[in-house]
Amino acid sequence: MNALVHLTHDCNLRCPYCFTGAKFAKEMTVDTAQRTAEFVVDYAKEHGQRAVFSFFGGEPMMAWPVMREMVLHAERVAAERGVTAIFRMNTNGLLIKEEHLAFFEEHDLIFILSIDGNQAMHDAERITQGGQGSFAALAAKLPRFLEHNPGMMASVVVTPTNVAHAADGIAFLFDAGFRFLIIKPDVTQAWSPEHVAELERQYTRVGEDYLARMRRGDDLYLNLFDDKWIAHTKGAEGISIRCDVGSSQISVAPSGNLYPCVRWVKEEEDTVPRLGDVWQGLLADKLADIRAQAAAPKSPCGDCSYNDGRCANECACEHYSATGRIDTPAPALCEHERVMVPIADRIGNALWREQNPVFLRKLYPRLTQIRTREGASG
Ligand code: SF4
Ligand code: SF4
C-alpha cells in the first residue's frame, strides 16, 4: 500500500494553485500517527505488499516531530510483522536542515522537491504568506539537496500565470543538476486561447531542448515526453507514476480519516467520499464504488486517437476537482494533451529515426542488449 500521509493542513507557503485546501494549524497527533503506521503495515502484510509512507501536507516538514515519530514507529512495527517499510515525502524544501538530511539518510527517506523552474517561473506562484517569492531561499539549498540525493525528483506546476517562463524554467532545472522532472499543468483553472498558444510555444522549445540534451547523451526523465513514449512502446501500465485512485494508494488525513486521493483531503469537507479511518479500516463498499467509477470510460474521450495511453487523462481525482465528475477530464487537460501529444510524437520519431542510443536504451532495452551482443560477437 502507498499511504499518502497528510501530517498537517498547514503550510509555510500560500501557492494560489494549491489543491490541498485551506491552510490552518491542524497536525496529526502522535497517537494517530502511530495508529496510521500500524494500519498501513497490517494492510500491506495482509495483501503481500510493501508499506510505503509518502508524507504530504500542507507542508509535511511543519509537522517534523510527528513525522519522525511515525517513521520510527513504522520501522518497529514493520520489523515485527516482517514487512518492508519505505518512506517518501513531497516537500517545498524550505524547512529542511542538516539534521533532517541526516535522519533521511539513516532511514532512507527520499523526497520529491516542489520547485517551479527558475526564479521568474517559481516566484510567479510559489509565494509566502506575505506574498514574497520563495525561490531565493530554496535555490540556496539546491546544491546541498542534490549532493544528498543526486537522483532527486523535481515537481513543477505549469499555470496560465507562469507558462510564459516554462521553457526557461525547465531548462534551468536540468542545468542545475536535476535528472528527473514531473511537470503537471494546473487544469482546474481555465486556460484562455492565448494561454494555450503560449503553452504550445513553450512546449515546442522544451521539446527542442530535450532533443538536444538526448543527442548529447544526457540520460534524463521528463514525464511530458517519456510517459507518452512509454505508453506507446509498453502500454499505460508501463508508466510508474500514474493515478492509482482507491487501489494501492490511499490518503490519510491528519484526523486519521481515509480518502481516495490527496486532492480530496482538503479541510476534510463532507462533500468528498471518505473511505473509513485508520481505526475502523477501509469501507469496502465505498472503495469498490470509487474503483468502478475510476475505471469507467472517460467522457468525452471515446474514440479520440490520443486515448491510447498517451493522453494523461487517467487522474480521476483531478477530473473530480476540475469538473465534479470522476469520469470527465477538465477541458484544460484536454487542451494540454492536444498540444503535448503531437510534440512528444515528433521528438520521439526523430530520436527513433536517428537510433538515438539514450532513447533506445530507455524505451527498447531488449533491442539494445541484442545489438550489444551482436556487436560483441561480430
Ligand atoms: S507549498 Fe505545497 S502545500 Fe504549500 S501552499 Fe504550495 S502547493 Fe500548497
Ligand atoms: S485529448 Fe481530450 S478527448 Fe482525447 S483522450 Fe485526452 S482528454 Fe480525452
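Residues numbered from 1 in each chain as written. Chains lettered and ligands numbered in written order. Predicted model: local features only at pLDDT ≥ 70, side-chain atom pairs only at ≥ 80, totals over all residues. Heavy atoms only, no water.

A.B. asks: So what exactly am I meant to see when it comes to the site of ligand 2 here?
C.D. replies: The full set of residues close to ligand 2 is Cys301, Cys304, Asn307, Cys311, Asn313, Cys334 and Arg338. When grouped by side-chain class, the residues that make up the shell around ligand 2 number four nonpolar, two polar and one charged. (Near = heavy atom within 4 Å. Nonpolar A, V, L, I, M, F, W, Y, C, P; charged D, E, K, R; others polar.)

A.B. asks: I keep staring at the pairing of strand β3 (residues 85–91) and nothing clicks. Help me out?
C.D. replies: A regular strand places its side chains on the two faces of the sheet in alternate fashion. Judged from the five bridges that link them, strand β2 (residues 51–56) and β3 form a sheet pairing that is parallel. Bridge assignment links Ser54 to a residue of β3, and that residue is Arg88. With helix α2 (residues 64–81) bridging β2 and its parallel neighbour β3, the resulting β-α-β unit is right-handed. Bridge count for β3 against strand β4 (residues 109–114) is five bridges, and the pairing is parallel. Bridge pairing in β4 places Arg88 opposite Ile110. For the crossover that starts at β3, traverses helix α3 (residues 98–107) and ends in the parallel β4, the hand is right-handed. (Pairing = 2+ DSSP bridges. Helix = DSSP H or I, 4+ residues; strand = E, 2+ residues; numbered from the N terminus. Right-handed = clockwise from strand over helix to strand, strands pointing away.)

A.B. asks: I would appreciate a short explanation of the pattern of salt bridges in the present structure.
C.D. replies: Pairing of side chains with opposite charge becomes possible as their charged atoms draw close. Enumeration over the complete set of coordinates arrives at 19 salt bridges. Across the salt bridge formed by Glu69 and Arg76, the nearest N and O atoms sit 3.6 Å from each other. Within this structure, Asp42, Glu80 and Arg81 form a network of salt bridges that share partners. (Salt bridge = Lys/Arg side-chain N within 4 Å of Asp/Glu carboxyl O.)

A.B. asks: Got a minute to help me understand the site of ligand 1 in this structure?
C.D. replies: Taken together, Cys11, Leu13, Cys15, Cys18, Thr20, Lys23, Gly58, Asn92 and Arg126 make up the full set of residues near ligand 1. Within the shell around ligand 1, the residues separate by chemical class into four nonpolar, three polar and two charged.

A.B. asks: Even after reading the chapter, I still don't get the pairing of β4, so can you show me in this structure?
C.D. replies: Where β4 meets strand β5 (residues 153–158), two bridges bridge the pair, whose relative direction is parallel. Paired with Ser114 across the strands is Ser155, a residue of β5.

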